Amino acid sequence: SMASPPLLMRVVASAYSVAEKAATIVRNVMSAGDLGIVEKAGPNDLQTKADRLVQMSICASLARKFPKVTIIGEEELPTDDVTEDLIEDGHCEEILKKPCPAQYTGIKEEELVIWVDPLDGTKEYTEGLLDHVTVLIGIAYGGKAIAGVINQPYYNYEAGANAVLGRTIWGVLGMGAFGFQLTEAPAGKHIVVTTRSHSSALVNECIAALNPDHVIRVGGAGNKIIQLIEGKASAYVFASPGCKKWDTCAPEAILHAVGGKITDICGNSFQYNKEVKHMNSAGVLATLRNYDYYASRIPNTVKESLVP
């Protein structure tokens, strides 16, 4: 009989199907009309019924298949009342067929940490900015983001009634990233994508120092990384605490899989081991290309204000 595919490929293949199930839940909650909005830390920190149901679905589905993997999700929720209709047991056959990068073939379950943002861009979701919304499943090993799945439940939602809604992007370090068309930002243009709802004097000072040709303000870390890999922006800059490990893990793996780079504003890489603090307190700097150009222009005053 065929040997079972390496654990990492099985986890990614399952995460792909789990993310597609999550997208269905996100769309169903929206179309049912009752979002069940709860304020967590304030009006810009919201949780909806979709955040809750999706996290239960993702975490319970993956925990059932991979019981020794550590799974860390954004929402603090009870884990015992997950109904069977939230469980996704499938996997993407195409992913299982791909060869696992050699350095990851021997990974054991207890060595993986999965970081889950059930609905990245919750505020935008509640405001109907549906293209900002993503579901993020990031997979870390040895403290590094090595694989990720980003689902956009509403990809194509403005393309008319017959358009296929939603897409799933996935990637593994050493293998590449799939489900989208890799595109570089226009050469010589400095297009910065940044936060939409968490702006501050520091955020704006940092962006001004980069002297951008254009600034795009959108919600969601997943969405911002997609802007980079599809060539709509050349740098993602967020000079503020607020972003968490579950926001950056999946996007980081996909960005790094296609040769991009993400760090905090001070140039430190993110750590994803299970003991790590959840907050990326020194912000985010990410590019698909020309990282050094942007890193060299971050003012020291900004770096000194943001302690990792």
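Residues numbered from 1 in each chain as written. Predicted model: local features only at pLDDT ≥ 70, side-chain atom pairs only at ≥ 80, totals over all residues. Heavy atoms only, no water.

Looking at an unreviewed UniProt entry, one finds the chain named 3'(2'),5'-bisphosphate nucleotidase 1, with Cardinalis cardinalis as its source organism. Recorded in UniProt for the chain, the comment headed Sequence similarities (unreviewed entry) runs: "Belongs to the inositol monophosphatase superfamily." In its Cofactor (unreviewed entry) section, the UniProt entry covering the chain states "Mg(2+)". (UniProt positions renumbered as here; feature names shortened; annotations may be inferred.)

Draft legend 1. Main features of the overall build of the chain. A count of helical and extended segments in the chain gives nine helices and 13 strands. On the principal axes, the C-alpha backbone points of the chain span a range of 55 × 45 × 40 Å. Sorting the 308 residues of the chain into buried and exposed places 55% on the buried side. A separation threshold of at least 6 residues defines the contact pool for the chain, and within that pool the share at least 24 residues apart is 71%. Within the structure as shown, the chain displays about 12,900 Å² of accessible surface, and the carbon and sulfur contribution to it stands at 50%. (Helix = DSSP H or I, 4+ residues; strand = E, 2+ residues; numbered from the N terminus. Buried < 20%, exposed > 50% of the residue type's maximum accessible area, 1.4 Å probe, protein only. Contact = heavy atoms within 4.5 Å. Areas by Shrake-Rupley, 256 points an atom, 1.4 Å probe, with all protein chains shown as cover.)

Draft legend 2. Structural detail: the sheet that holds strand E9 (residues 191–194). Read from one edge of the open sheet, five strands run E10-E9-E11-E13-E12, paired in mixed fashion. Two strands lie at the open edges of the sheet, namely strand E10 (214–217) and strand E12 (261–263), each paired on one side alone. Strand-to-strand, the axes of this sheet are offset by a mean angle of 20°, without reference to chain direction. Bridge analysis of strand E11 (residues 235–238) against strand E13 (residues 284–287) gives three bridges, and the strand direction is antiparallel. The partner of Tyr 236 across the bridge, within E13, is Ala 286. Seen against the sheet, helix H5 (residues 201–209) touches E9, E10 and E11 and runs at an angle of roughly 165° to E9. (Pairing = 2+ DSSP bridges. Axes fitted to C-alpha atoms, helices over the stretch in contact; angles between N-to-C directions.)

Draft legend 3. Expanded view of the domain arrangement of the chain. For the chain, the domain assignment lists domain 1 (7–178) and domain 2 (191–305). On a C-alpha basis, the centroid separation for the pair domain 1 and domain 2 is 21 Å. Counting from both sides, the interface comprises 41 residues of domain 1 and, opposite them, 30 residues of domain 2. Of the roughly 2,600 Å² buried between domain 1 and domain 2, counting both surfaces, carbon and sulfur atoms make up 65%. At the junction of domain 1 and domain 2, the tally comes to three salt bridges. With a closest N to O distance of 2.7 Å, Glu 124 and Arg 196 form a salt bridge. Put simply, domain 1 and domain 2 have nine residue pairs in polar contact (both at pLDDT 80 or more) between them. Listing elements by their share of the side of domain 1 that touches domain 2, those giving two or more residues are strand E3 (70–73), strand E4 (112–120), helix H4 (122–126), strand E5 (134–141), strand E6 (144–152), strand E7 (167–172) and strand E8 (176–178). At eight residues, the largest contribution of residues to the side of domain 1 that touches domain 2 is made by E6. Considering only residue class, the side of domain 1 that touches domain 2 consists of 19 nonpolar, 12 polar and 10 charged. (Domains from an automatic or database assignment. Buried area = accessible area lost by both parts, 1.4 Å probe. Salt bridge = Lys/Arg side-chain N within 4 Å of Asp/Glu carboxyl O. Polar contact = N/O pair within 3.5 Å; in protein donor to acceptor, adjacent residues only side chain to side chain. Nonpolar A, V, L, I, M, F, W, Y, C, P; charged D, E, K, R; others polar.)

Draft legend 4. Spotlight on the pairing of E6. For E6, the tally of buried residues reaches eight of nine residues, placing the bulk of the element in the interior. Of the strand pairs in this sheet, E5 and E6 are connected by seven bridges, and their pairing is antiparallel. Across the sheet, residue Leu 136 finds its bridge partner in E6, namely Ile 150. Sheet topology places E6 next to E7; six bridges connect them, and they run antiparallel. What sits directly across from Gln 152, in E7, is Arg 167.

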